[in-house]
Amino acid sequence: MAASKDKTKPRVLALILGGGKGTRLYPLTKERSKPAVPFGGEYRIVDIPISNCINSGYKKIYLLTQFNSASLHTHIANTYNFDRFSGGFVQLLAAEQTLEHSGWYEGTADSVRKNFIHFKSQQPTHYIILSGDQLYRMDLKDFVEKHIESGADVSIAAIAVNRHDASGFGIMKTDTKQRITAFMEKPAPDLDITEWKIPASARGKLPPEKEYLASMGIYVFNAPVMEELLNNTYTDFGKEIIPMAIKTKKINSYVFDGYWEDIGTIRSFYEATLALTDINPTFNFYDEEQPIYTRQLNLPPSKLNKAVMDSSITAEGCVITDAVINKSVIGIRTIIEKGTRFDGVITMGADYYETEETKNEKRKKGIPLMGIGKNCNIAKTIIDKNSCIGDNCQINVSGKKYEDGDHGMFYSADGIIVIRKGAIVPSGTII
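Residues numbered from 1 in each chain as written. Predicted model: local features only at pLDDT ≥ 70, side-chain atom pairs only at ≥ 80, totals over all residues. Heavy atoms only, no water.

Here we come to the overall build of the chain. Looking only at helices and strands, one finds eleven helices and 27 strands in the chain. For 431 residues, the compact-globule formula gives about 22 Å, and the C-alpha radius of gyration of the chain, at 23 Å, lands near that figure. Principal-axis analysis of the C-alpha atoms places the extent of the chain at approximately 70 × 50 × 45 Å. Counting every position in the chain, which comprises 431 residues, the buried fraction comes to 50%. Contacts in the chain between residues at least 24 apart in sequence constitute 63% of all its contacts with a sequence separation of at least 6. Accessible area for the chain stands at about 20,600 Å²; split by element, carbon and sulfur atoms hold 48% of it. The averaged location of the 51 negative side-chain charges in the chain is 2 Å from the averaged location of its 52 positive side-chain charges. (Helix = DSSP H or I, 4+ residues; strand = E, 2+ residues; numbered from the N terminus. Rg over C-alpha atoms; globule rule 2.2 N^0.38 Å. Buried < 20%, exposed > 50% of the residue type's maximum accessible area, 1.4 Å probe, protein only. Contact = heavy atoms within 4.5 Å. Areas by Shrake-Rupley, 256 points an atom, 1.4 Å probe, with all protein chains shown as cover. Lys, Arg positive; Asp, Glu negative; His and termini not counted. Charge placed at Lys NZ, Arg CZ, Asp CG, Glu CD.)

Spelled out as C-alpha cells, the structure:
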C-alpha cells in the first residue's frame, strides 16, 4: 500500500530564476548576481526562496543564473548540503554551451527550456518556478495542492494591488472560480481597466482598495504542459508564455495574502532591510516553525564595547565601540570605532578579519582599516562588503543632493548612498 501511495505523490521540482544583470540593484550587483546580494545582516537574498522550498518539503531545487555567478556558487556549495539519503539538492545551473545550445539565456522561459535535459532525469510531475529576488514566506505545498485540486494546467501566485501599483505588474482578469481569462503586462496608468477588477464573489477578506490581481512571477506547471508550452522560441514567461497559454490551457490564480516584496531596486532593498528592525516586522526572521536557512559561519558573538543601539540588528562577529546606532542593520564582522553615529545605515560587513600585519602596513600608508573609523556620522547609506571608511567621515548628512548614478567611490540612488564593495573612503571625507 505504501509503495502505491508514493507513486501517486506529486514529484515537484523547484526552479529558482536568478534573474538577469540586475541593473536596478547596481552597484550591489557589480560583482555578484541578484540572488547572492547579502540581506538582513547574515543572509543572502537567495536564502528566502530556497528556505520556502525546504520548509514546504520540496528539496530538489535548481537555481538558474548566468551573470556573476561565482559568489552565488560559493554560497550554495557551502550552505545547502543535504544528507545523501534524503535525495535533496540545491544545484546551480549557469548558462552553458552544448551541442544544442550555444548562447546565453535569453529570458526566463529560455533559461528553463535550455535545461530540460537536467530536469527530465528527475521525472517531475510538476514544476514550481520561483524568483530569486523576492521577500516573502509562502507555504508552497499548499500552492501545489490547490493547483492539483483545481485541475489546472498552470497556476499563478497573485497578490491584490491597488490601481496605482497595478501599472508595475502583470495584471490578470479572473472569473468567480479563480480561472484566469486574460493577462495584461504593466497597464498604462491612464488605461481604463475597470473590467479587470477582482469579482466580488472571489474577493474574500482582501482589503477593499486592492481591486486587481497582480502576478508574483511564481508559477506551478504540470510537467508535460510546461514542456509543451516551451516547445517554441518564446523567451519570457510573463510577456509571452502565460498570455499564449491562457488561450488554450486552464490557468488558475492562487491568491496570496501575506507579506511580499520585490527587492529588485536599491530603494526597495533598503526599505525592506530596515523594515526588519521594526518591533513587529512584517517579515520575521525569528519564526522557528519556518526558519530561513543560511551558511553557518562559526563566528564569535558580537562584542559591544559600550554602545547605544535602538531598533537595530547586529549580525555575528562584529566589534562596536562607543557608537550610537539607530534603525540600522549591521552585517557580519563589521568593525565600528569610537564616536561614530549611524542613522538608517545598512552594512554588509566583511568577508574576513584583517591581520595585525595588514593593519600595520595600512597605517604606515595612511589607508583606513576595514570597517568604519572614529567619529563618523553616516545616514541613509548602504555600505557594501570589505569597505574601509576612515575617521571623521560624514556620509549623507550634509543635505547635499546627488543625481542618481555613479560618483566614483559611491553610487547614489533615490537619495540613498551606496558605498561600493571594497571602497576606500579617506579620513575627513564628506559625501
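On we go.
Take the packing of aromatic side chains next. The final tally for this structure, using the stated rule, is 17 aromatic pairs. Ring plane angle 85° and centroid distance 6.2 Å describe the contact between F116 and F119, whose orientation is recorded as edge-to-face. Of this pair, F116 and F119 both sit in helix α5 (residues 116–119), three residues apart, which is roughly one turn of that helix. Here F116 matches F119 in class, with each residue buried. With a centroid separation of 6.4 Å and an interplanar angle of 50°, the aromatic rings of Y259 and F283 are classed as tilted. Placement of Y259 in the loop between β12 (251–255) and β13 (260–262) and of F283 in the loop between α10 (266–274) and β14 (303–310) is noted, with a sequence separation of 24 residues between them. Here Y259 falls in the partly exposed class, since its relative accessible area comes to 25%. (Phe/Tyr/Trp six-rings, centres within 6.5 Å; stacked < 30°, edge-to-face > 60°.)

Looking now at unusual backbone geometry. Omega for the peptide link from Y26 to P27 comes to 10°, which places this bond in the cis form. Turning to its location among the elements, P27 is positioned in the loop between β1 (12–17) and β2 (38–39). Here the phi dihedral of R333 falls at roughly 60°; this positive angle occurs in a residue that is not glycine. Phi at K380 takes a positive value of approximately 45°, unusual for a residue other than glycine.

This brings us to helix α6 (residues 140–150). Taken residue by residue, α6 has L140, F143, V144 and H147 as its buried positions. Seen from one end, α6 has its buried residues packed into an arc of 95°, which puts them on one side. Packing partners of the buried residues in α6 comprise β1, α2 (47–55), β6 (126–131), β8 (154–161), β11 (212–222) and β12. Following α6 by one or two positions, G151 adopts a phi angle in the positive range, close to 75°. (Arc of directions from axis to C-beta.)

Let us look at the pairing of strand β25 (residues 410–413). In β25, alternate side chains face the same way, and those of F410 and S412 on one face and Y411 and A413 on the other are all buried. Connecting strand β24 (residues 405–406) to the antiparallel partner β25 that follows it, the hairpin turn spans three residues, and G408 within it adopts a positive phi of roughly 85°. Looking at chain direction, β25 and strand β26 (residues 416–419) are connected through four bridges and run antiparallel. Within the sheet, the bridge partner assigned to A413 lies in β26 and is I416. In sequence, β25 turns back onto β26 through a hairpin of two residues, with D414 there showing a positive phi of about 55°. (Pairing = 2+ DSSP bridges.)

Bringing the nonpolar core into the picture now. With 41 residues, the main nonpolar core has I50, I128 and M138 as its most contacted residues. At five residues, β11 tops the list of elements feeding residues into this core. Beyond its immediate chain neighbours, meaning those up to four positions away, I50 contacts I16, I61, I76, Y80 and V90. Residues V112, L206, F221 and L229 belong to the second largest nonpolar core, which totals 37 residues. (Core = buried A, V, L, I, M, F, W, Y, C linked by side-chain atoms within 4.5 Å.)

Looking now at empty space enclosed by the protein. Throughout the structure, instances matching the rule amount to three cavities of 30 Å³ or more. The calculated volume of the largest cavity comes to roughly 80 Å³. Lining the largest cavity are 14 residues; nearest its centre among them are T334, G349, G371, I372 and S387. Looking at the lining of the largest cavity, its residues break down into five nonpolar, six polar and three charged. (1 Å grid on protein atoms, 1.4 Å probe; cavity = no way out; pocket = protein on both sides within 12 Å on 5 of 7 lines; lining within 4 Å. Points joined across faces, edges and corners; volume = space filled by probe spheres on them. Nonpolar A, V, L, I, M, F, W, Y, C, P; charged D, E, K, R; others polar.)

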